[in-house]
Amino acid sequence: MKIAALQMVSTPDVARNLDAAAVLIDEAARGGAELVALPEYFCLLGRRDTDKLAVAEDDGAGPIQQLLADSARRAKVWLVGGTLPMRTSDPKRVRNSCCVYAPDGRRVARYDKIHLFAYDNGSERYDEGRVLEAGDAAVAFEANGLRVALSVCYDLRFPELYRALGRPPCDLLCVPSSFTYTTGLAHWELLLRARAVENQCYVIAPAQGGVHENGRRTYGHSMIVDPWGEVLAQRDEGVGVVFAELDAARIQAVRRQLPALSHRRSGLAGA
């Protein structure tokens, strides 16, 4: 299966971001991709954290979700829809939700980001918990016979999530992200390759990548990694599409040659 990670430099304007996403989805489909993944916050990188509240949607309804469903149907692809703000019972909190659509436009999965990013190095400060409500459930779905696991950005730092998703083992881990430049430079590739190696599966990581209108710089380097930890393709910064082939035989070969998944000690640390 050919897969594609879409890199964006999203703005505070939802309509512009949706138009840009639709163009990239169609480009990926023309390139032969059967599964396409958008980055975290593809629909909005606002000037303030609270901007998410104003564009949040009810589950199953709204222009952002409609764009994703229509794009999947038009392009005839499995579409991992980055993330969008989904309303909660608390008007001051939203969930950061990743919705997945089948090639006929049906929604087949929703994952709400579990781990909320916080960072303070004295000059950069982030705290997603100020406006986000954390999710509480791991989610995977089936696409063309492949088991695909969902996660978002900061989740990447918590290997226990991927272990929970690995029953049975996954073929592909999706990590739509909006890594800061500082943390991305230090840890992005390292963590993605580690998740691929320890779970012996492919990883697709579409990212925000560049200087945004709100002044923030995201790291980019959207990439696809194979089960041996090899980076198959990546894009440093700027808008574009990253393609690679997901080869099920490659997964089986790695697991057969080095059967680490079967050597796991389930009684240790709840693994």
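Along every chain, residues carry numbers that run from 1 in the direction the sequence is written. Per-residue local features of the predicted model are confined to residues with pLDDT of at least 70, and side-chain atom pairs are confined, for both listing and counting, to 80 or more; whole-chain, interface and lining totals are unaffected and use all residues. The basis for the side-chain values is all heavy atoms of the structure; hydrogens and waters are excluded.

Examining the overall build of the chain
The condition that has to hold: Numbering of helices and strands starts at the N terminus; helices are DSSP runs of H or I of at least 4 residues and strands are runs of E of at least 2. Radius of gyration here uses only the C-alpha atoms, and the compact-globule reference equals 2.2 Å multiplied by the residue count raised to the power 0.38. Residue exposure (1.4 Å probe, protein chains only): buried if accessible area is under 20% of the type maximum, exposed if over 50%, otherwise partly exposed. Should any heavy atoms of two residues lie within 4.5 Å, those residues are considered in contact. In these tables, accessible area is a Shrake-Rupley quantity obtained with a 1.4 Å probe, and a residue counts as shielded only by the protein chains included in the view. Here the positive residues are Lys and Arg and the negative ones are Asp and Glu; neither His nor the chain ends is included. Charge positions come from single atoms, namely NZ of Lys, CZ of Arg, CG of Asp or CD of Glu.
Scanning the chain for helices and strands turns up 6 helices and 17 strands. Its C-alpha atoms give the chain a radius of gyration of 17 Å, within 12% of the compact-globule value 18 Å for 271 residues. By the burial criterion, 53% of the 271 residues in the chain qualify as buried. Partitioning the intrachain contacts of the chain with sequence separation of at least 6 by distance along the chain shows that 68% fall at a separation of at least 24. With an accessible surface of roughly 11,300 Å², the chain has 51% of that area assigned to carbon and sulfur atoms. Charge centroids of the chain, computed over 33 positive and 34 negative side chains, lie 2 Å from each other.

Here we look at the packing of aromatic side chains
Applied cut-off: Classification of ring pairs rests on two measures: the distance between centres of Phe, Tyr or Trp rings, Trp counted by its six-membered ring, which must be within 6.5 Å, and the angle between planes, read as stacked under 30 degrees, edge-to-face over 60 and tilted in between. The criterion for a charge sitting over a ring is simple: Lys NZ or Arg CZ within 6 Å of the ring centre, and within 35 degrees of the ring normal.
Within this structure, the stated rule accounts for 7 aromatic pairs. Between Phe-117 and Tyr-126 the ring centres are 5.7 Å apart and the planes differ by 35°, which places this aromatic pair in the tilted class. According to the relative accessible area criterion, Tyr-126 is partly exposed, its value standing at 22%. Taken together through their ring pairs, the aromatic side chains of Phe-117, Tyr-119, Tyr-126, Tyr-154 and Phe-158 make up a single cluster. Against the face of Phe-243 rests Lys-2, its NZ or CZ located 4.8 Å from the ring centre. Stacked on the ring of Tyr-41, the Lys or Arg Lys-52 has its end atom at 4.9 Å from the ring centre.

With respect to the packing of helix H1 (residues 14-30) against helix H3 (residues 63-75)
Counted only if it meets this: For helices, the fitted line uses only the C-alpha atoms of the stretch in contact; every axis is such a line through C-alpha atoms, and the angle between N-to-C directions lies from 0 to 180 degrees. For classification purposes, angles smaller than 35 degrees are called roughly parallel, those larger than 145 roughly antiparallel, those between 65 and 115 roughly perpendicular, and all remaining angles oblique. Whether a crossing is left-handed or right-handed is set by the direction in which the near helix is turned from the far one by less than a right angle, anticlockwise for left-handed and clockwise for right-handed. Asp, Glu, Lys and Arg are counted as charged, while Ala, Val, Leu, Ile, Met, Phe, Trp, Tyr, Cys and Pro are counted as nonpolar; the rest, among them Gly, fall into the polar class.
Here H1 crosses H3 at 15°, and the two axes come no closer than 10 Å. Relative to H3, H1 is oriented roughly parallel. Judged by the sense of rotation from one axis to the other, the crossing of H1 with H3 is right-handed. Within the contact between the two elements, H1 uses Val-14, Leu-18, Ala-22, Ile-25, Asp-26 and Ala-29 and H3 uses Pro-63, Ile-64, Leu-67, Ser-71, Arg-74 and Ala-75. Within the contact of H1 with H3, the residues separate by chemical class into 9 nonpolar, 1 polar and 2 charged.

Points about the pairing of strand S10 (residues 146-150)
Within a regular beta strand, the side chains point alternately toward one face of the sheet and then the other, so they alternate between its two faces. How we decide: Here a strand pair is declared whenever DSSP counts at least two bridges between the two strands. Classification remark: right-handed applies to a crossover when, strands pointing away from the viewer, the course from the first strand over the helix to the second runs clockwise.
Counting buried positions along S10 yields 5 of 5 residues, so the element is predominantly enclosed. Neither face of S10 is exposed, since Leu-146, Val-148 and Leu-150 on one face and Arg-147 and Ala-149 on the opposite face are all buried. Where strand S9 (residues 140-143) lies against S10, 4 bridges are found, and the strand directions are antiparallel. Within S10, the residue paired with Phe-141 across the bridge is Val-148. Between S9 and S10, which follow one another and run antiparallel, lie 2 residues, and Asn-144 among them has a positive phi close to 50°. Sheet topology note: the S10/strand S11 (residues 172-174) ladder contains 3 bridges and is parallel. Across the sheet, the residue bridging to Ala-149 is Leu-173, located in S11. In this view, the connection linking S10 to its parallel neighbour S11 by way of helix H4 (residues 159-165) has right-handed handedness.

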